[in-house]
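Here are the chains, one letter per residue:
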Amino acid sequence: QGIKNLVKQTPVRKIFDSINDFSSESEIRFVGGCVRKIINKELIDDIDLATNLNPEEVSEALKKHHINFYETGIEYGTVTAIIDNYKFEITSLREDIESDGRHSKVKFSSNWKKDASRRDFSINSIYSDIDGNLFDPFNGKKDLEKGLIKFIGNPEERVKEDYLRILRYLRFFLNYSKNNHNSKTLRILRKNIGGISNLSKDRLLDELKKYIKSKVLT
């Protein structure tokens, strides 16, 4: 019902129509924070979408439907569409093929499970179609309801791929956890804490803003 309300309250259906009309194979779903927040009955402050089209195809689909957009992170597959002052981040399915803890190289994909596999936590790998049907390959909804913050795959590997995940883990733990820290996870975070110094100031500031905003909204 939360997804249906979001569709009624925003012009996001235009985005879905533009992508779905592109070809018989094209598909788009809600993903990440907006799905997590709907399940947890939080306010929605951003709308992230995932699609099996590559960025050039996304741009073409939006142009055909006269939807304004700009390329926010085209090398990572992200295009931001703008309708009536609403912003919609549309990211192509992808795989991370190389990472140094700060930057990553990606390969675009059409595989939803592989896209879910490269995400950080199970609660952020929940997808929904426009009718509210979930694709949840890592049981993120169940983990969210239980208050479990679980890395997808090997926690140390995931942290070393991007050290910002240390701070993201702490933000999500403070907001959603109903349990004590996993001792193994804590050891991994402590072991790799120095990696945060490799992150750019912009990324650190952006994460701080998200933390402050989340404490206001939740």
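Residues numbered from 1 in each chain as written. Predicted model: local features only at pLDDT ≥ 70, side-chain atom pairs only at ≥ 80, totals over all residues. Heavy atoms only, no water.

Asks: I'd love a proper account of the overall build of the protein, names of residues and values included.
Replies: A count of helices and strands for the protein gives 10 helices and nine strands. In terms of principal-axis extent, the alpha carbons of the protein reach across some 50 × 35 × 30 Å. Classification of the 218 residues of the protein by burial places 46% in the buried group. Total accessible area computed for the protein in this model is approximately 11,700 Å², and 47% of it derives from carbon and sulfur atoms. (Helix = DSSP H or I, 4+ residues; strand = E, 2+ residues; numbered from the N terminus. Buried < 20%, exposed > 50% of the residue type's maximum accessible area, 1.4 Å probe, protein only. Areas by Shrake-Rupley, 256 points an atom, 1.4 Å probe, with all protein chains shown as cover.)

Asks: Describe unusual backbone geometry, naming the residues involved and giving the relevant values.
Replies: One non-glycine residue with positive phi stands out, namely His66, at about 55°. Here His66 lies in the loop between α4 (55-64) and β3 (68-73).

Asks: An account of the nonpolar core is needed here, citing residue identities and associated values.
Replies: Grouped together as the largest cluster of nonpolar side chains are 26 residues, with contacts concentrated most on Val12, Ile15, Phe30, Leu49, Leu62, Phe88 and Ile90. Looking at this core, the elements with two or more residues in it are α1 (2-9), α2 (12-20), β1 (28-31), α3 (33-39), β2 (47-51), α4, β4 (78-83) and β5 (86-92). Among the elements that take part in this core, α2 stands out by supplying four residues, more than any other. Those residues within four positions of Val12 in sequence are excluded, and the remaining contacts are Leu6, Val7, Phe30, Ile47, Leu49 and Phe88. (Core = buried A, V, L, I, M, F, W, Y, C linked by side-chain atoms within 4.5 Å. Contact = heavy atoms within 4.5 Å.)

Asks: Give me the packing of aromatic side chains: which residues, what numbers.
Replies: Going through the model one piece at a time under the given rule, you end up with 10 aromatic pairs. Three or more aromatic residues joined by ring pairs form one cluster here, namely Phe121, Phe151, Tyr169, Phe172, Phe173 and Tyr176. Over the ring of Trp112 we find Arg29; its NZ or CZ atom is 4.1 Å from the centre of that ring. The ring of Phe172 has Arg171 sitting right over it, with the charged end atom 4.6 Å from the ring centre. (Phe/Tyr/Trp six-rings, centres within 6.5 Å; stacked < 30°, edge-to-face > 60°. Lys NZ or Arg CZ within 6 Å of the ring centre and 35° of its normal.)

Asks: Tell me about the layout of surface pockets, and please be specific about residues and values.
Replies: In this structure, the second largest pocket spans a volume of roughly 170 Å³. What lines the second largest pocket is a set of 15 residues, among which Ile149, Lys150, Tyr169, Asn182 and Thr185 lie closest to the centre. Grouping the amino acids of the lining of the second largest pocket by side-chain chemistry returns six nonpolar, eight polar and one charged. (1 Å grid on protein atoms, 1.4 Å probe; cavity = no way out; pocket = protein on both sides within 12 Å on 5 of 7 lines; lining within 4 Å. Points joined across faces, edges and corners; volume = space filled by probe spheres on them. Nonpolar A, V, L, I, M, F, W, Y, C, P; charged D, E, K, R; others polar.)

Asks: Please set out the pattern of salt bridges residue by residue, giving values where relevant.
Replies: One pass over the full model with this rule turns up 16 salt bridges. The closest approach of N and O atoms between Arg168 and Asp120, which form a salt bridge, is 2.7 Å. Placement of Arg168 in helix α8 (residues 164-176) and of Asp120 in the loop between α5 (112-117) and β8 (127-128) is noted, with a sequence separation of 48 residues between them. With respect to burial, Arg168 and Asp120 carry one shared label: buried. Lys150 is the partner of Asp143 in a salt bridge, and the nearest nitrogen-oxygen pair spans 3.8 Å. Look at Lys150 and you get partly exposed, because its relative accessible area is 41%. (Salt bridge = Lys/Arg side-chain N within 4 Å of Asp/Glu carboxyl O.)

Asks: Which residues make up the environment of Ile193, and what values go with them?
Replies: If you trace the backbone, Ile193 turns up in the loop between α9 (183-192) and α10 (201-217). For the pair formed by Ile193 and Leu167, sequence separation is 26 residues and the distance between their alpha carbons is 9.3 Å.

Asks: Now, about α2: what can you tell me, with residues and values included?
Replies: Buried within α2 are the following residues: Val12, Ile15, Phe16, Ser18 and Ile19. Around the axis of α2, the buried residues are gathered within 165° of arc, so they sit on the same side. Buried residues along α2 sit against α1, β1, β2, α4, β4 and β5. (Arc of directions from axis to C-beta.)

Asks: Go over the side chain of Thr185 with me, naming the residues and quoting the values.
Replies: Within the fold, Thr185 resides in helix α9. Filtering out sequence-adjacent residues up to four positions away, Thr185 remains in contact with Phe151 and Tyr169.

Asks: I'd like to hear about the pairing of β4, residue by residue, with values.
Replies: The element β4 is largely enclosed, with a buried count of five among its six residues. Where β3 and β4 come together, four bridges link them in antiparallel fashion. Counterpart to Tyr70 in the pairing with β4 is Thr80. Between β3 and β4, which pair antiparallel in sequence order, lie four residues; one of them, Gly77, sits at a positive phi of approximately 90°. Counting the residues between successive antiparallel strands, the hairpin from β4 to β5 contains two residues, one of them, Asp84, with a positive phi of roughly 50°. (Pairing = 2+ DSSP bridges.)

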